[in-house]
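# Fold and contact review
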Amino acid sequence: MKEMRNPMKTMATCFEQVALFFPSGNPKIQENFERRAAYLDTRDYSRESLADALKAFHKNLGASTETQQMIEELRQKETLVVITGQQAGILTGPLYTLYKAMTTIRLAKEQREKLGRPVVPVFWIAGDDHDWLEIRETYVLNSDGKLSSCRLPGDGGGKSVGNQQVPAWETIEAQLMGALPDSEFRSTVLKQCKQFLEQAENLTQWFALTLQWLVSKWGLVFFDPLLPEFKRLAAPMYERILKMHTDVRDALAKRTEEWVKLGFEAQIQQTGIDVNLFLSLPERKLIQYVDQTFYLKGQEEPWDLDALNELLAQAPERFSPNVVTRPVVQEYLFPTLAYVPGPGELNYWAQLGKVFETFGFIMPILYPRVSVVLLTAYWQKSLNKEALTLDDVYGGLEKHQERCVRERDDQHIDERIDRLRMQVEKAYAELAPLKEIHVNVEDWLIRNEAKVNFQVDYLKKKVWQAQRKRCREELIRLQELQDGIAPNHSRQERVLNPLSFVARYGLSFVDRIAELPMTGDFSEHQVLL
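Residues numbered from 1 in each chain as written. Predicted model: local features only at pLDDT ≥ 70, side-chain atom pairs only at ≥ 80, totals over all residues. Heavy atoms only, no water.

So, about the pattern of salt bridges. Counted by the stated rule, this structure contains 32 salt bridges. A salt bridge links Arg117 to Asp41, with the nearest nitrogen and oxygen atoms 2.6 Å apart. Highlighted residues: Arg117 in the loop between α5 (95-115) and β2 (119-125) and Asp41 in the loop between α2 (30-40) and α3 (47-61), separated in sequence by 76 residues. By relative accessible area, which is 14% here, Arg117 ends up buried. The partner of Arg75 in a salt bridge is Glu48, with the nearest N and O atoms 2.6 Å apart. Here Arg75 is found in the loop between α4 (65-73) and β1 (80-86), whereas its partner Glu48 is found in helix α3, with 27 residues between them in sequence. Each member of the salt-bridge network shares a partner with another, and the members are Glu402, Arg406, Asp414, Lys460 and Arg468. (Salt bridge = Lys/Arg side-chain N within 4 Å of Asp/Glu carboxyl O. Helix = DSSP H or I, 4+ residues; strand = E, 2+ residues; numbered from the N terminus. Buried < 20%, exposed > 50% of the residue type's maximum accessible area, 1.4 Å probe, protein only.)

Structure representation (structure tokens):
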């Protein structure tokens, strides 16, 4: 099977090879930000309505003065935004959510200074998504350095995340009490978690309140696409998506074909019948177009365009974009200087350039989020003691653990067991003449030898278990490295929750992330804690 090219690496090292797919240019070149700003100045936005709706939403969140000021700046024609987005994971979800938010904050501040005009950081909370499996669970490292899960009850019922009620505090407390490490900051973290959960009306608000606490002094603005005010603002765009759905499909297919020809993998898979909008009645269903007729996925009742447009005029809150159209709705609502994607998003955005063109837009600059591996002093010491690199840990430490156990085998366990097995085999071979006594003796010998070999296997297993206990200290250290740096055989930033580190180091941990250099690529930073 042919190996797919890595878009992150290509974008960082050979941008000209993928320039067609990122029409606003290389994020490392400042002239591209200036060109993008000039283009946005030719566009009009519903700034007052947007700012009014954001102001009301953030009043309920108890937003900081800095955030309120950012919202007021959105009323000004010269104001631009740097935006990112993510699903409403519990307790903010994995670390990369914080990294996305911080990259957005830092890039907005940097471009504010370089362009000499207001640039506001915005976080689009994908509350209209319904991928329950994606958001229902998060992981924390407990005091023993072991992975501990915090999970929401239930199955989501197919509803959008933003329509899900928050769980009772007792449900989360029972899990967090055993998960969060014991430290001077632990009680504060628990207190804040309880306050946010009791204050929130749904999972989107819970997410916003928690992330807002972590980055409050930087003035991040949150956007909840499920709010009726925002749905009304987006309604004209939904109408255009319905009207132009075949053009959108063709544009996506053409750019996807070009992307795949270059050796990259298509993140968005086309069905050829998707309209790229969802409709909630009340369960969220994808609108599809088959044989000149609209249908909701999995249903037989037909819809015509007039009926959909009439419902859109009456109840725009029932409509929401999918992965193909969310970026263009974002482009319609916000003067987007740049979007901050993760690695997977970078891949699917590459397929969307002609979709933007279909609506008369130009895709924004894509500025990769910061990538980080956090290293506690204990993990650093263990890496040095075991002479391991981060790549060793990323590759999995199972072989290293096995080698560690075998290197301490001063009794030559396998050799001794093998000699015993040979002696058993020889002894039963010497019993072969007994077959002459009775026709059943051969069968008895075979079964008896099998039982003895089974016991030898059992003995070998138990001896090696005992040997592993002799190496317990080293094995624990290696497992803690695995759980901390590459939990669940994945990258730390994709699994661990920020509260693992806020509970250990306080909010100064977030300050450390804010100090990282802006590289404009996915190169991994090491943060020594």
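What follows covers helix α7 (residues 169-179). The complete set of buried residues in α7 reads Trp169, Ile172, Leu176 and Ala179. Down the axis of α7, the buried side of the element spans an arc of 105°, and every buried residue falls inside it. Those residues of α7 that are exposed and aimed more than 90 degrees away from the buried face are Glu170, Ala174 and Gly178. In this structure, the buried residues of α7 make contact with β3 (137-141), β4 (147-151), α8 (186-199) and α9 (203-215). (Arc of directions from axis to C-beta. Contact = heavy atoms within 4.5 Å.)

As a further point, take the nonpolar core. Phe22, Ile287 and Phe319 are the most contacted members of the largest nonpolar core, which totals 81 residues. Ranked by residues supplied to this core, first place goes to helix α10 (residues 228-243) with eight residues. Excluding anything up to four places from it in sequence, Phe319 contacts Lys231, Tyr238, Leu242, Leu277, Phe278, Leu279, Ile287, Leu308, Leu311 and Leu312. Membership of the second largest hydrophobic core comes to 71 residues, among which are Phe123, Val140, Val161 and Leu176. (Core = buried A, V, L, I, M, F, W, Y, C linked by side-chain atoms within 4.5 Å.)

Across its 30 residues, helix α20 (residues 441-470) extends 43 Å between first and last C-alpha, which sits within 8% of the 44 Å expected from 1.5 Å per residue. For α20, every residue scored as buried is listed here: Val441, Leu445, Val456, Trp464 and Gln467. (Expected span 1.5 Å × (residues − 1).)

Another aspect to go through is the sheet that holds strand β8 (residues 293-296). With antiparallel pairing, the five strands of this open sheet are ordered in space as β9-β8-β7-β6-β10. The open sheet has two free edges, formed respectively by β9 (302-303) and β10 (319-321), since each of these has just one partner strand. (Pairing = 2+ DSSP bridges.)

Across all of its chains, the model carries 15 aromatic pairs by this definition. When the centroid spacing of 5.6 Å and the interplanar angle of 45° are considered together, the rings of Phe123 and Phe207 count as tilted. Pair noted here: Phe123 is in strand β2 and Phe207 is in helix α9, with a separation of 84 residues, a long-range link. By relative accessible area, which is 0% here, Phe123 ends up buried. Classification of Phe207 by relative accessible area gives buried; the value is 1%. Ring geometry for Trp379 against Phe501: centres 6.4 Å apart, planes inclined by 80°, an arrangement best described as edge-to-face. On the criterion of sequence distance, the pair formed by Trp379 in helix α16 (residues 377-385) and Phe501 in helix α23 (residues 499-505) is long-range, its members being 122 residues apart. A relative accessible area of 6% places Trp379 in the buried class. Residue Phe501 is classed as buried on the basis of its relative accessible area, which comes to 1%. Following the ring pairs from residue to residue traces out a cluster consisting of Phe15, Phe21, Phe22, Trp259 and Phe264. The positively charged end of Arg406 is found above the aromatic ring belonging to Trp464, 4.4 Å away from the centroid. One cation-aromatic arrangement involves Arg491 over Tyr394; the distance from NZ or CZ to the ring centre is 3.7 Å. (Phe/Tyr/Trp six-rings, centres within 6.5 Å; stacked < 30°, edge-to-face > 60°. Lys NZ or Arg CZ within 6 Å of the ring centre and 35° of its normal.)

Looking at the secondary structure, you find Gly344 in helix α14 (residues 343-349). Residue Gly344 is classed as partly exposed on the basis of its relative accessible area of 32%. Residues Gly344 and Gln267, 77 residues apart in the sequence, show an inter-C-alpha distance of 7.6 Å.

Working note: a packed helix pair is described by the angle between its axes plus the distance between those axes. Following both chains from N to C, one finds α3 and α9 inclined at 75°, their axes separated by 10 Å at the closest point. Overall, the two elements α3 and α9 adopt an arrangement that is roughly perpendicular. Judged by residue contacts, Phe57, His58 and Leu61 of α3 engage Gln205, Ala208, Leu209 and Gln212 from α9. Taken together, the residues of the contact of α3 with α9 sort by class into four nonpolar, three polar and no charged. (Axes fitted to C-alpha atoms, helices over the stretch in contact; angles between N-to-C directions. Parallel < 35°, antiparallel > 145°, perpendicular 65-115°, else oblique. Nonpolar A, V, L, I, M, F, W, Y, C, P; charged D, E, K, R; others polar.)

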